[in-house]
Amino acid sequence: MTYIEDIELSDSAKAHAETYLQNVEITEQYRAQLFQWVGTYLDESTLENIIAYKKSAHWDHPFESIRSEAEKDLELTTLYASRGEQYNIDLMVFEGNLLILFNEVLSKAKEHLEKKVVAH
């Protein structure tokens with residue numbers, strides 16, 4: 001298993017991020033945007049649905065597309081952060097960790113979908 005700051009990367013990625021967001025002191029608008037990002041990109045079933053849609057719509061590179069969208073959406077959340085939050089090193093590290101968690105969840109979703117395809 002992969003660990004980030006003593007947190008095991010497993011199905012708890014979303015729960016870990018949500019717990020952090022509930023306890024960190026940030027503005028409510030920024031918190032709401034981060035919760036929305038977490039709900040979209042750290043939820044394996046949501047990612048599977050996005051992947052399935054992109055594959056059905058014949059996207060050339062659905063996984064790269066999702067990765068790019070996740071990165072851009074996370075960058076956009078900072079528009080809701082105060083100036084102090086934008087330069088807060090702890091929040092920068094948290095956002096970096098969110099991307100690492102996302103990549104892990106995306107890999108799991110990809111593996112899960114490949115198993116479904118093989119099973120059919």
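The structure under discussion appears in the preceding block.
Conventions and cut-offs
- Residues numbered from 1 in each chain as written.
- Predicted model: local features only at pLDDT ≥ 70, side-chain atom pairs only at ≥ 80, totals over all residues.
- Heavy atoms only, no water.
- Helix = DSSP H or I, 4+ residues; strand = E, 2+ residues; numbered from the N terminus.
- Areas by Shrake-Rupley, 256 points an atom, 1.4 Å probe, with all protein chains shown as cover.
- Core = buried A, V, L, I, M, F, W, Y, C linked by side-chain atoms within 4.5 Å.
- Buried < 20%, exposed > 50% of the residue type's maximum accessible area, 1.4 Å probe, protein only.
- Contact = heavy atoms within 4.5 Å.
- Polar contact = N/O pair within 3.5 Å; in protein donor to acceptor, adjacent residues only side chain to side chain.
- Axes fitted to C-alpha atoms, helices over the stretch in contact; angles between N-to-C directions.
- Parallel < 35°, antiparallel > 145°, perpendicular 65-115°, else oblique.
- Nonpolar A, V, L, I, M, F, W, Y, C, P; charged D, E, K, R; others polar.
- Salt bridge = Lys/Arg side-chain N within 4 Å of Asp/Glu carboxyl O.

Participant: Sorry, what's going on with the overall build of the protein here?
Facilitator: Within the protein, the regular secondary structure consists of six helices and two strands. For the protein, the sequential pattern of α-helices and β-strands runs β-β-α-α-α-α-α-α. Of the roughly 7500 Å² that the protein leaves accessible, carbon and sulfur atoms contribute 52%.

Participant: How should the nonpolar core be read in this particular structure?
Facilitator: If you look at soluble globular proteins, the nonpolar side chains tend to sit buried side by side. One finds W37, L42, L47, L98 and F102 to be the most contacted residues of the largest nonpolar core, which totals 27 residues. Breaking this core down by element, the ones donating at least two residues are α1 (13-23), α2 (28-41), α3 (44-56), α4 (62-77) and α6 (89-119). With nine residues, the single largest contributor to this core is α6. Once residues within four sequence positions are removed from consideration, W37 is found in contact with L42, A70, D73, L74, T77, L98, L99 and F102.

Participant: Is there a simple way to think about the side chain of R31 in this case?
Facilitator: In this fold, R31 is placed in helix α2. A polar atom in the side chain of R31 sits 2.2 Å from the backbone oxygen of L21. A polar side-chain atom of R31 sits 3.2 Å from a polar atom in the side chain of E28. What R31 contacts, discounting residues up to four positions off in sequence, is L21, Q22, V24 and I26.

Participant: Would you take a moment to explain the packing of α1 against α2 for this structure?
Facilitator: Angle between the axes and distance between the axes: these two values describe a pair of packed helices. At a minimum axis separation of 10 Å, α1 and α2 run at an interaxial angle of 175°. Here α1 lies roughly antiparallel to α2, going by the angle between them. The segment α1 lies against α2, with K14, A17, E18, L21 and Q22 engaging R31, L34, F35, V38 and G39. Partitioning the contact of α1 with α2 into residue classes produces five nonpolar, two polar and three charged.

Participant: Would you take a moment to explain the environment of G96 for this structure?
Facilitator: Relative to the helices and strands, G96 resides in helix α6. By relative accessible area, which is 31% here, G96 ends up partly exposed. Sequence separation between G96 and E71 is 25 residues, and the spatial gap between their C-alpha atoms is 9.9 Å.

Participant: Is there a simple way to explain the pattern of salt bridges in this structure?
Facilitator: Pairs can form between side chains of opposite charge whenever their charged atoms are close. The tally for this structure, following the rule as stated, stands at three salt bridges. The closest approach of N and O atoms between K54 and E69, which form a salt bridge, is 2.6 Å. In this pair, K54 sits in helix α3 while E69 sits in helix α4, placing the two residues 15 residues apart along the sequence. Taking relative accessible area as the criterion, E69 reaches 28% and is therefore assigned partly exposed.

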